[in-house]
Amino acid sequence: MKSNKMGFENLKLSSKMHLLIIISSVVIAIGLSVGIICQFVANGFFNYNDDYANYKSVTVDYEDIDFSGSGKEPREVIDEICAKSFEKNGVSYYLLTQGNTTTGGKIVYKFAYSADSKNIDAAVAEINAEIEREVEGAGGIQFSYASSHVNDAILGNGLSLSRAAIAVATVIAVHFIYFAIRYRLTMALAAVLADVHNLALYIALVALCRIPVGSAIATFAVLTVLFTVIGTCFTFERMRKNLKSDEYKKLSAFELSDRSANETLLINVTMPACLAALSLILFVVLSISSLSPFVILAPVFCSLIAFIVCAYGTAIFVPSVYPRFKQIGDNVKAKSKAKTLQK
């Protein structure tokens with residue numbers, strides 16, 4: 001197989017190890033820091049969309065009666081009562097949803113998670129008292145009431161995250177065992193480092209960019225690790241074949257890594273690039289069909305981050321750190337062999 005002369009031999013990635021480690025560490029540290037801070041002061045570690053956001057709410061279930069004989073629609077009366085109570089207690093909602101039931105209707109007011117619960121509860125108490133007076137004025141029975149709720153959202157009740165974590169752990173474990181058997185222990189350790197590095201970088205970038213996302217986070221976290229496995233297979237298979245060549249046997253671990261990275265650069269960059277391009281095409285097509293690009297913005301954004309991370313991690317980061325693993329392994333073997341000869 002002919003090598004793809006893409007310039008990595010001149011770049012000497014192995015000599016850039018410290019720089020690349022610093023870059024990755026800084027990005028990961030900043031992303032995780034932003035996520036942790038936002039967990040306490042904003043919408044969560046990730047910027048979840050409305051389906052997964054933390055919020056507080058007030059739900060008003062009402063009967064279809066003529067409150068106090070005003071002649072107004074029940075929904076109008078309830079809304080007026082709630083608006084006055086919320087304003088009096090210094091709370092304001094950011095979203096109102098309403099619908100009909102078999103006996104009347106329901107209105108849901110959503111508040112920011114940071115809204116004062118005491119003020120909301122005070123407003124609810126006033127709303128119920130006012131509704132009771134309105135019902136008595138209409139000569140009806142009290143079936144209408146307001147209640148407050150706190151929504152601490154977890155993606156898929158925790159199933160999305162827990163299943164993704166199990167899948168990622170399984171893939172990494174199988175990745176390590178396979179590489180340790182087929183290749184070398186040093187390659188297995190480098191491959192696992194690539195998995196952890198790419199996953200951490202993906203999580204940090206999604207948290208840092210603050211784009212509204214949902215359960216797509218978990219899906220593409222697993223895909224990030226899977227594509228990392230595929231990329232490392234290309235890289236280390238090339239190294240394995242090169243080690244059998246007389247030409248490459250004379251090279252140091254650093255030179256071998258640089259040349260192997262050069263030969264696998266095209267496939268390790270092209271595969272994620274094609275998938276990223278496919279994501280953009282799907283974004284355009286689905287935006288037209290759904291008439292709203294925001295519906296599929298989250299999965300497309302997560303896919304782009306995942307594919308960029310995989311291209312960087314497998315084509316650039318791994319070849320730069322592997323020589324150190326091999327050097328450590330060779331030193332351990334040399335010491336072990338020296339001790340054996342002394343005995």
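Description of the structure in this document.

The rules we used
- Residues numbered from 1 in each chain as written.
- Predicted model: local features only at pLDDT ≥ 70, side-chain atom pairs only at ≥ 80, totals over all residues.
- Heavy atoms only, no water.
- Pairing = 2+ DSSP bridges.
- Helix = DSSP H or I, 4+ residues; strand = E, 2+ residues; numbered from the N terminus.
- Axes fitted to C-alpha atoms, helices over the stretch in contact; angles between N-to-C directions.
- Core = buried A, V, L, I, M, F, W, Y, C linked by side-chain atoms within 4.5 Å.
- Buried < 20%, exposed > 50% of the residue type's maximum accessible area, 1.4 Å probe, protein only.
- Contact = heavy atoms within 4.5 Å.
- Phe/Tyr/Trp six-rings, centres within 6.5 Å; stacked < 30°, edge-to-face > 60°.
- Expected span 1.5 Å × (residues − 1).
- Arc of directions from axis to C-beta.
- Polar contact = N/O pair within 3.5 Å; in protein donor to acceptor, adjacent residues only side chain to side chain.
- Parallel < 35°, antiparallel > 145°, perpendicular 65-115°, else oblique.
- Left-handed = near helix turned anticlockwise from the far one by under 90°.
- Nonpolar A, V, L, I, M, F, W, Y, C, P; charged D, E, K, R; others polar.

**Regarding the sheet that holds strand β2 (residues 95-100)**
Next up, step 1: Read from one edge to the other, the open sheet built from four strands follows the order β2-β3-β1-β4, with strand pairing classed as antiparallel. The two strands at the open ends of the sheet, each matched to only one other strand, are β2 and β4 (145-151). Neighbour-to-neighbour, the strand axes of this sheet turn through a mean angle of 20 degrees, independent of strand direction.
Next up, step 2: By the bridge criterion, seven bridges tie strand β1 (residues 55-63) to β4 in an arrangement that is antiparallel. Residue Ser-57 lies in a different strand from β4, and its bridge partner there is His-149.

**Section: the nonpolar core**
Next up, step 1: Phe-46, Tyr-202, Val-206, Val-213, Ile-217 and Cys-302 are the most contacted members of the largest nonpolar core, which totals 34 residues.
Next up, step 2: Here the element with the most residues in this core is helix α10 (residues 297-342); it accounts for nine residues.
Next up, step 3: Leave out the neighbours within four places in its chain, and Cys-302 touches Tyr-202, Val-213, Ala-216, Ile-217 and Phe-220.
Next up, step 4: Counting 21 residues, the second-largest nonpolar core is a separate cluster that includes Ile-78, Cys-82, Val-91 and Ile-120.

**Details of the packing of aromatic side chains**
We describe a pair of aromatic rings using the distance from one ring centre to the other and the angle between the two ring planes.
Next up, step 1: All chains considered together, the criterion is met by 13 aromatic pairs.
Next up, step 2: Ring geometry for Phe-179 versus Tyr-183: centroids 4.8 Å apart, planes at 65 degrees, classification edge-to-face. In this pair, the class of Phe-179 matches that of Tyr-183, namely buried.
Next up, step 3: Feature note: the residues Tyr-178, Phe-179, Tyr-183, Phe-236 and Tyr-322 constitute an aromatic cluster, connected by ring pairs.

**With respect to the pairing of β2**
Next up, step 1: As defined by bridge partners, β2 adjoins strand β3 (residues 104-112) across six bridges and the pair is classed as antiparallel. Each bridged residue has a counterpart across the sheet, and for Leu-95 the counterpart in β3 is Lys-110.
Next up, step 2: The turn joining β2 and β3, which pair antiparallel and follow one another in sequence, is formed by three residues.

**Considering helix α3 (residues 74-88)**
Next up, step 1: Look at α3: 21 Å from first C-alpha to last across 15 residues, which is about the 21 Å you get at 1.5 Å a residue.
Next up, step 2: Considered for burial, the residues of α3 that qualify are Pro-74, Val-77, Ile-78, Ile-81, Cys-82, Ser-85 and Phe-86. Around the axis of α3, the buried residues are gathered within 160 degrees of arc, so they sit on the same side. Of the residues in α3, the exposed ones pointing more than 90 degrees away from the buried face are Lys-84 and Glu-87.
Next up, step 3: Of the residues one or two after α3, Gly-90 is the one with positive phi, at around 70 degrees.

**Let's talk about the side chain of Ser-144**
Next up, step 1: By the element assignment, Ser-144 lies in the loop between α4 (117-137) and β4.
Next up, step 2: Here the side chain of Ser-144 touches Glu-63 through a polar contact of 2.8 Å, landing on its backbone nitrogen.
Next up, step 3: Among all residues touching Ser-144, those that are not within four sequence positions of it are Asp-61, Tyr-62, Glu-63, Phe-67 and Ile-131.

**Section: the packing of helix α6 (residues 185-209) against helix α7 (residues 216-243)**
Next up, step 1: Orientation of α6 relative to α7, taken along the N-to-C sense of each, is 150 degrees, at an axis distance of 9 Å. Judged on the interaxial angle alone, α7 and α6 are roughly antiparallel. Regarding α6 and α7, the two cross each other, and that crossing is right-handed.
Next up, step 2: Partitioning the contact of α6 with α7 into residue classes produces 16 nonpolar, four polar and two charged.

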